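The chain contents come next:
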Amino acid sequence: MKWYIYLALKQLFPSGKKISFFSAMSIFGVALGVAVLFVVQSVMEGFQHNIKRMIVDTQGDVHVDRQRIICDGDALVKFLQSFPEVEAAAKYAYGFAMLKRGNQSLFPLIKGIDVAKELRVTGLGKFIKAGNLDNFDCGGIILSSELARSIGATVGECVEIYSPAMLENMNSDEVILPKTLEISAIYETGYHNVDKSVAIVPLDILQDLYGLENGIHGISLKLQTGISPEKFTFQLNDSLDESTHASSWQEMNQDLLFVLKTEKTMIFFILVFILLISAFSIASSLIISVVRKTREIGLLSALGGTKKQCAACFLMQGAIIGIIGSAVGITAATTIVKFRNSIVALFVKLCGVDDFMLKFYSFANMPAKYGVRDIFSVAIFAIGICCIAGMAAAMQVAKINPAEALRNE
Amino acid sequence: MSNCIVEVQNLRKDFNGTSIFRGVNFRIMPRETVSICGNSGSGKTTLVNVLSLLEPPTQGNIFWQNENVTNANSGKISQLRPKIFGYIFQQCNLIPELNVLENLLFPTRIISIIKKSDIEFAKKLLGQVNLCGIEQRNVSTLSGGERQRVAAVRAMINHPKIIIADEPTGNLDVKSADATMDMIMNLCDAHGSSLLLITHNQRFAERMQTSYVLGNASLKKLSDHL
Ligand SMILES: Nc1ncnc2c1ncn2[C@@H]1O[C@H](COP(=O)(O)OP(=O)(O)OP(=O)(O)O)[C@@H](O)[C@H]1O
Ligand SMILES: [Mg+2]
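To keep things clear, this report deals only with the structure shown in the data block. Computed from a predicted model, the values in this text were never measured in an experiment. (Residues numbered from 1 in each chain as written. Chains lettered and ligands numbered in written order. Predicted model: local features only at pLDDT ≥ 70, side-chain atom pairs only at ≥ 80, totals over all residues. Heavy atoms only, no water.)

All names here are of chain B. Read from one edge to the other, the open sheet built from 4 strands follows the order β2-β1-β4-β5, with strand pairing classed as antiparallel. Strands with a single pairing partner mark the edges of an open sheet, and in this sheet they are β2 (18–28) and β5 (67–68). Strand direction decides the pairing type here: strand β1 (residues 6–15) and β2, joined by 7 bridges, are antiparallel. Its bridge partner being in β2, V6 is matched across the sheet by I28. Across the sheet, helix α2 (residues 74–84) lies against β4 (59–64) and β5, angled at about 60° from β4, the strand it touches most. (Pairing = 2+ DSSP bridges. Helix = DSSP H or I, 4+ residues; strand = E, 2+ residues; numbered from the N terminus. Contact = heavy atoms within 4.5 Å. Axes fitted to C-alpha atoms, helices over the stretch in contact; angles between N-to-C directions.)

As structure tokens, this is what we get:
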């Protein structure tokens, strides 16, 4: 081992003592910063992962649509399924309509789907909270949970639907007969925006309501696992005609994804200040120790150490604190992340927070996600900051003249 | 040219335009013991610092083992210095975070790697200064006299050609000063090193083969006690 690394280690962990107070505090500071940064980032990542999963589960990987109504839907589906990357394709159409139950009416978005295909493309099946899809095809309707709640509807009841096409016919003094559909299921994704106001009906019913005949608005695709939707749409758009356009789920939700990314970056910058503060205290403690050890630095020169090596000794102290601090911090953080739900539960017990709050913030089952890359980037970042702190001290060492240092009392 | 260990010719050192000393010529031969006396502030420490190039001279030439090192680069000097000089300072010689044995081996660690024989040598030297069995002690638990003896052993660890002792007994009472001085001289004698002793103590100065006095910015040879 190089002597300056040895001395750096010894100054942090002197012989005969377990650990110096300075190293303990510095390591604790770095570990704290690393742990907080890591826990918050992995919980954020977990939430974001869930949101993205929800998007894919409700929308599919890729949408193909056209500026006008797609009349040759089946041919397009056939064409799309000829790509080996495409696992499944489902036609859809949508529009707003008035939904009435008793004397309550609302204007949800109504989506028409080919349910058998849809189940292969989206995760609709796993969001069903009540009822089932058995009778959906023969005049059923699926309501989003909040929509159902707001009109007080439950599975098995009937609702009436008035489409804009029907309203147009009002002029001709006809009596309008609404479409009556039986609620076959209620679904809930857990995300307010999606659950708020959506109704799903069989595609042929929507086509009928809107007078689309055989027309559809688009086709959603599920890709084989491992295929990047962004890359695939790029390739797909080359082989589609001018008016037809494919967009990946990332493209369709780019505003939301941008917000999520910005949010994560902002939180990172805020939390990085914890690390910066501990780096400042490490730098100042190390500089104080340089001043205190001035004579010793002179002695090292007399014993054959070069100025660079003496400076390296203090730089190493910063680096060692960074390395150990990161290791401790990441160990602590991964443990916290692993036992996060028990920790939250304990916290709830101690503070008496009520269940509603927990559910509201989705804390009851907190998501968390991190990869080896996250561990490395946080660790390298922390070690880098500590090295800069060590560098500040090393620069003080470089200014020391050995002969003057030896006179230092 | 003779085989002297260090030689200076026409050495001069100025601080802020005032000369601390000038026209200094002297040489130290193998196994020679030399003392430099002088009033406080006369420049004794400065002289040995310049001699071992911890500080550059204003003028003059410095030879280490007949090699002119006056203008050698700092890397070369850092490499040569520990092989030629061993230092004992008046105080704060030891690194407080290391135990006695680690302190003793530290100079070896700087210039090379520690071998088993180095550890044995360190223990043998400790025996020669009557400090057996304190290898694992923390240096802060040692008395002043013990510390200076440990420092003397450390100065000897790399088999230097000359030990520079700058008032090594300055902080000690008469009795332990005498004991420490004896040990230092015995060590130098046993291992064939020269000794350059800076001291205020007339009795110690007289025990050296050659005595110099630094005063009025020049170095005068007092006597050869040979
Ligand atoms: N870096 C410096 N700048 C200016 N003057 C200095 C510097 N270093 C030493 N001096 C001066 O040089 C003179 C000689 O100092 P030095 O330490 O060599 O004396 P000394 O003979 O060793 O004294 P003592 O017996 O007290 O140790 C002193 O007057 C001191 O103030
Ligand atoms: Mg002095």
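From this point, the narrative continues.
Residues and elements named next belong to chain A. One ladder, built from 3 bridges, connects strand β6 (residues 128–131) with strand β9 (residues 179–187); its direction is antiparallel. Note that in β9 the partner of I128 across the bridge is Y187. Strand direction decides the pairing type here: strand β7 (residues 140–144) and β9, joined by 5 bridges, are parallel. Its bridge partner lying in β9, G140 is registered against E182. Sheet topology places strand β8 (residues 158–162) next to β9; 4 bridges connect them, and they run antiparallel. Bridged to C158 within β9 is E182.

As a further point, take the pattern of salt bridges. In this structure the tally under the stated criterion is 18 salt bridges over all chains. Between E157 of chain A and R101 of chain A there is a salt bridge; the shortest N-O distance is 2.9 Å. Of this pair, E157 of chain A sits in the loop between α6 (145–151) and β8 while R101 of chain A is found in strand β3 (residues 98–101), placing the two residues 56 residues apart along the sequence. The exposure class assigned to E157 of chain A is partly exposed, which follows from its relative accessible area of 25%. Judged by relative accessible area, which is 24%, R101 of chain A ranks as partly exposed. Put simply, D182 of chain B and R207 of chain B hold a salt bridge, and the shortest N to O gap is 2.6 Å. Taken together, the positions of D182 of chain B in helix α6 (residues 174–191) and R207 of chain B in helix α7 (residues 202–207) put the pair 25 residues apart, joining distant regions of the chain. Linked by salt bridges that have partners in common, K293 and E296 of chain A together with E97 of chain B make up one network. (Salt bridge = Lys/Arg side-chain N within 4 Å of Asp/Glu carboxyl O. Buried < 20%, exposed > 50% of the residue type's maximum accessible area, 1.4 Å probe, protein only.)

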